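So you can see what is in the structure, the chains are spelled out below.
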Amino acid sequence: MGLGRSLGRQFGWLWAAYATSTFGTRLAFDAFPLIAVLVLHVGPAEVSVLAAAGLAVGAAVAVPLGPWVEFRRKRPVMVAMDLTRFAALMSVPAAFALGRLSFAQLLVVAVVVAAADIAFKAASGACLKALVRPEDLLVANGRFESTMWTATALGPPLGGAAIGLFGPVATLVADAVSYLLSALGIRAIGGKEPRPVRTDAPGLRARDLLEGWRYILTHPALRPLFFNQVLVSSLIMATSPLLAVLMLGPLAFAPWQYGLAFGAPCVGGLIGSRLARPLVARFGRHKVMLTAGTLRACWLLGLAFIGPGAGGLVLVIAVELGLITCMGVFNPVYATYRLEHTPTDRVARTLSAWSVTTSATVAAMTALWGVLAGITSPRTAIAIAGLLILTTPLLLPRRDYPSEHVREGADSRT
């Protein structure tokens, strides 16, 4: 299936850096709200502000970072963003040790980390495209996807145990150290990275801020995929806190049952990511993306019917397993498709615009669905999201388009 094929030493270091930081992040899952509640003793409103504002303001701060990243060497940018996240996160345990930790500091750190995340993703996508041959991009993205789901399955339970033993600040230290190790891994990639050459006017111009969105919205393949992915991600994320309220509140599930309900189905992500490449080889990229994207939209509504007891727990696990398996197939195919349809000199701006929009929309939808749940109920709000997500397959590209490197090859022959 191609998963054992070597993609070279340089990719190996990039993958190791990704794995380290991803495991650190999953280990510190929900560390910020836990610190806010357990250490600063704030209420639900402040916790909601921390979650939404971190994403929204971080996305706004990151808007000029896409053009800035585009015309710089990507690996130094990735190292700088890793070190920025390390320093920002380490400021929290330092302030805690001195008895000076405040909610305002947590908010600032959340914003800095969110903005650095977006800049790092933009640079890493461009770095991956430069390190890996076009025909190996799907294999590389499949490995990232399987790593992410492995970390998602293992990280939160281990993080919960660490919080029980050492307190909530300890997992944030582990997360910070993981970024430091990631920076070292990126430095170890080695080789000479050429400086991007700008063929038009030098310097950052106002139009550069919107170039990523301009490219996405005028591209016949990326435009529908963009709206589909942003809407699906925001609807899924908007229901996550509501499901926690429903399961841990009225349905009286124990915290370990809640963790099991979302940890066990992550095996579906591993299965899906391993199936992605052979499915593409057999049925074609576009058909697999369309089918997996459609099936992915069919599961969320099932969470509105969760009941108490073992039956409810089995239902959540089954729904999440189906959803995550479809995501495991879809995500590496979609990530590869997006890179293949983006020219090298626009990758950072395109990925940055994509991430900024996703973060801002997730923040807005999470807040909106919180209001909707307050007016109706968490179960009703989850059902509405489940019905809306059923329409998202209509936004998937209806036909296949030649990738960027195929068009460039055709142009070079004419």
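Cut-offs applied
- Residues numbered from 1 in each chain as written.
- Predicted model: local features only at pLDDT ≥ 70, side-chain atom pairs only at ≥ 80, totals over all residues.
- Heavy atoms only, no water.
- Helix = DSSP H or I, 4+ residues; strand = E, 2+ residues; numbered from the N terminus.
- Rg over C-alpha atoms; globule rule 2.2 N^0.38 Å.
- Buried < 20%, exposed > 50% of the residue type's maximum accessible area, 1.4 Å probe, protein only.
- Contact = heavy atoms within 4.5 Å.
- Areas by Shrake-Rupley, 256 points an atom, 1.4 Å probe, with all protein chains shown as cover.
- Lys, Arg positive; Asp, Glu negative; His and termini not counted.
- Charge placed at Lys NZ, Arg CZ, Asp CG, Glu CD.
- Salt bridge = Lys/Arg side-chain N within 4 Å of Asp/Glu carboxyl O.
- Core = buried A, V, L, I, M, F, W, Y, C linked by side-chain atoms within 4.5 Å.
- pLDDT = per-residue confidence, 0-100.
- Phe/Tyr/Trp six-rings, centres within 6.5 Å; stacked < 30°, edge-to-face > 60°.
- Axes fitted to C-alpha atoms, helices over the stretch in contact; angles between N-to-C directions.
- Parallel < 35°, antiparallel > 145°, perpendicular 65-115°, else oblique.
- Left-handed = near helix turned anticlockwise from the far one by under 90°.
- Nonpolar A, V, L, I, M, F, W, Y, C, P; charged D, E, K, R; others polar.

Engineer: Explain the overall build of the protein residue by residue, including any values.
Structural biologist: Tallying secondary structure elements over the protein gives 17 helices and zero strands in all. The globule rule puts the C-alpha radius of gyration for 414 residues at 22 Å, and the 21 Å found for the protein is close to it. Each of the three principal axes of the protein carries a C-alpha extent, and together these read 65 × 50 × 40 Å. Going through the 414 residues of the protein one by one, you find that 51% of them count as buried. Look at the contacts in the protein between residues 6 or more apart in sequence, and 87% of them connect residues 24 or more apart. Of the roughly 18,100 Å² of accessible surface on the protein, a fraction of 70% belongs to carbon and sulfur atoms. The distance from the centre of the 35 positive side-chain charges to the centre of the 20 negative ones in the protein is 3 Å.

Engineer: Requested: an account of the pattern of salt bridges, with residues and values cited.
Structural biologist: Note on pairing: side chains with opposite charge can pair once their charged atoms come close. Evaluated as defined, the whole model comprises nine salt bridges. One salt bridge connects Arg133 with Glu135, and the closest N-O pair in it is separated by 3.6 Å. Salt-bridge contacts for Glu211 lead to Arg346; the nearest nitrogen and oxygen are separated by 3.2 Å. Taken together, the positions of Glu211 in helix H9 (residues 211-218) and Arg346 in the loop between helix H14 (309-340) and helix H15 (347-375) put the pair 135 residues apart, joining distant regions of the chain. Note on Arg346: relative accessible area 28%, which makes it partly exposed.

Engineer: Help me get a handle on the nonpolar core, residues and values and all.
Structural biologist: Core analysis: the largest hydrophobic core is formed by 59 residues, its most contacted members being Leu14, Leu128 and Leu225. The leading source of residues in this core is helix H6 (residues 103-131), at 11 residues. Leaving out residues up to four positions away in the same chain, Leu14 has contacts with Met78, Cys127, Leu128, Leu131, Phe144 and Ile189. Counting 32 residues, the second-largest nonpolar core is a separate cluster that includes Met247, Phe253, Ile306 and Leu323.

Engineer: I'd like a rundown of the environment of Ala281, residues and numbers included.
Structural biologist: Assignment of secondary structure puts Ala281 in helix H12 (residues 267-283). Spatially, the C-alpha atoms of Ala281 and Leu248 are 43 Å apart, while their sequence positions differ by 33 residues.

Engineer: Requested: an account of the confidence of the model for the protein, with residues and values cited.
Structural biologist: Averaged over every residue, the pLDDT of the protein is 86; the share at 70 or more is 92%. Here residues 405-414 scores under 50 on pLDDT; set against residues more than four positions off or in separate chains, the count is six contacts.

Engineer: Could you give an account of the packing of aromatic side chains, naming the residues involved and the relevant values?
Structural biologist: Using the criterion set out here, one finds seven aromatic pairs in the structure. Where Tyr334 meets Trp354, the ring centres are 6.0 Å apart and the plane angle is 45°; that geometry is what we call tilted. Here Tyr334, found in helix H14, pairs with Trp354, found in helix H15; they are 20 residues apart in sequence, far enough to count as distant. The buried category is assigned to Tyr334, whose relative accessible area is 8%.

Engineer: Any chance you could break down the packing of helix H5 (residues 74-97) against H6 for me, citing the residues and the numbers?
Structural biologist: At a minimum axis distance of 8 Å, the contact between H5 and H6 shows a crossing angle of 160°. Between H5 and H6, the angle is such that the two are roughly antiparallel. Every pair of crossing elements has a handedness; the one defined by H5 and H6 is left-handed. Residue composition of the contact of H5 with H6, grouped by class: 18 nonpolar, four polar and five charged.

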